[in-house]
Amino acid sequence: MDELDKFFRVPEWYAALAPFTWDTKFVKLRKDAIDALSVGMNEEQAKEFLYTPVGKGVMNDLAEPMGDIPGNAFAFVDSCAPTDTERFALKGGAVYSPRSALFYLLQSKKVSEAARNNKVEYICLRPFRKITRAREFRLFIYDGKLSAMSQYNLIRHFRRLEGVKKSYWDSAVKFVESVIWRLPIKTLVIDIYITSGGDILVVDLNKWGETDPLLLRTWERDWSETVGIQLMSPPTSISGDVKVSF
């Protein structure tokens, strides 16, 4: 695998961006554990696997780093998170023990696909934090400069963003200027979270052109032109006499 491609995995970019993301711990996986993750188990199969020697070994390896995390943890692998699991849907992915961490990773189709494609070497652990969806954004960095910034969750218009969009854009520009020298790749996509205090935290890195352009709509554009921050439009209201015929 090309080393630059591998850089987009969390264990690879973490050393460069550790001051700008959550404290993260990494648990190296043996081949038999990676093979198990590649299967894509249902709930019953995952429960049975926890009692196998391999399952017990992984849980034992997770025990110490998870014990160092106050409260719940968020468990994921090098290149993806188990956002397609019931645990993520109900509790945002919060796990409280090595058993629950492994149990839900085993059931994620995203994780199993990554494992089958040789994109899994570690289980990664962060402190669990409740995320405010309105403060998640995707940054489009072209040739070392911030070209565009999109609202990440396209579920609705967040009215609160209208008053802070300029400050968010200015903060994102300064953030890119402060970190780009740390990265071996100057054209890339960075997903971020803006805290209530205004700090920017890195959520993930993505290869250019291989992820959803969100409100930028298409990759086929002149990215050397600065677009600015893109937000969902407010809902359209209709006033006056409206006649509808069927």
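Residues numbered from 1 in each chain as written. Predicted model: local features only at pLDDT ≥ 70, side-chain atom pairs only at ≥ 80, totals over all residues. Heavy atoms only, no water.

### Quick word on the environment of Gly71
Part 1 of the argument: Mapped onto the secondary structure, Gly71 falls in the loop between helix H5 (53-67) and strand E2 (73-77).
Part 2 of the argument: The class for Gly71 is exposed, based on a relative accessible area of 62%.
Part 3 of the argument: In this structure, the C-alpha to C-alpha distance between Gly71 and Gln45, residues 26 residues apart in sequence, is 28 Å. (Helix = DSSP H or I, 4+ residues; strand = E, 2+ residues; numbered from the N terminus. Buried < 20%, exposed > 50% of the residue type's maximum accessible area, 1.4 Å probe, protein only.)

### Points about the packing of helix H3 (residues 31-39) against helix H8 (residues 109-116)
Part 1 of the argument: Packing of H3 against H8 leaves a shortest axis separation of 6 Å and a crossing angle of 130 degrees. Here H3 is positioned oblique relative to H8, judged by the angle of their axes. Our pair here, H3 against H8, has a crossing hand that is left-handed. On H8, the residues that touch Ile34, Leu37, Ser38 and Val39 of H3 are Val111, Ser112, Ala115 and Arg116.
Part 2 of the argument: Classifying every residue of the contact of H3 with H8 by side-chain character gives 5 nonpolar, 2 polar and 1 charged. (Axes fitted to C-alpha atoms, helices over the stretch in contact; angles between N-to-C directions. Parallel < 35°, antiparallel > 145°, perpendicular 65-115°, else oblique. Left-handed = near helix turned anticlockwise from the far one by under 90°. Contact = heavy atoms within 4.5 Å. Nonpolar A, V, L, I, M, F, W, Y, C, P; charged D, E, K, R; others polar.)

### Comments concerning H3
Part 1 of the argument: Here H3 has its buried residues at Ala33, Ile34, Ala36, Leu37 and Ser38.
Part 2 of the argument: Where the residues of H3 are buried, they touch helix H4 (43-49), H5, helix H7 (98-107) and H8.
Part 3 of the argument: Looking one or two residues past H3, Gly40 carries a phi angle of roughly 80 degrees, positive in sign.

### A few points about the packing of aromatic side chains
Part 1 of the argument: This model, assessed by the stated rule, comprises 15 aromatic pairs.
Part 2 of the argument: In this structure an aromatic cluster arises from ring pairing among Phe140, Tyr142, Trp208, Trp219 and Trp223.
Part 3 of the argument: Above the face of the Trp223 ring, Arg221 is positioned so that its terminal group lies 5.5 Å from the ring centre. (Phe/Tyr/Trp six-rings, centres within 6.5 Å; stacked < 30°, edge-to-face > 60°. Lys NZ or Arg CZ within 6 Å of the ring centre and 35° of its normal.)

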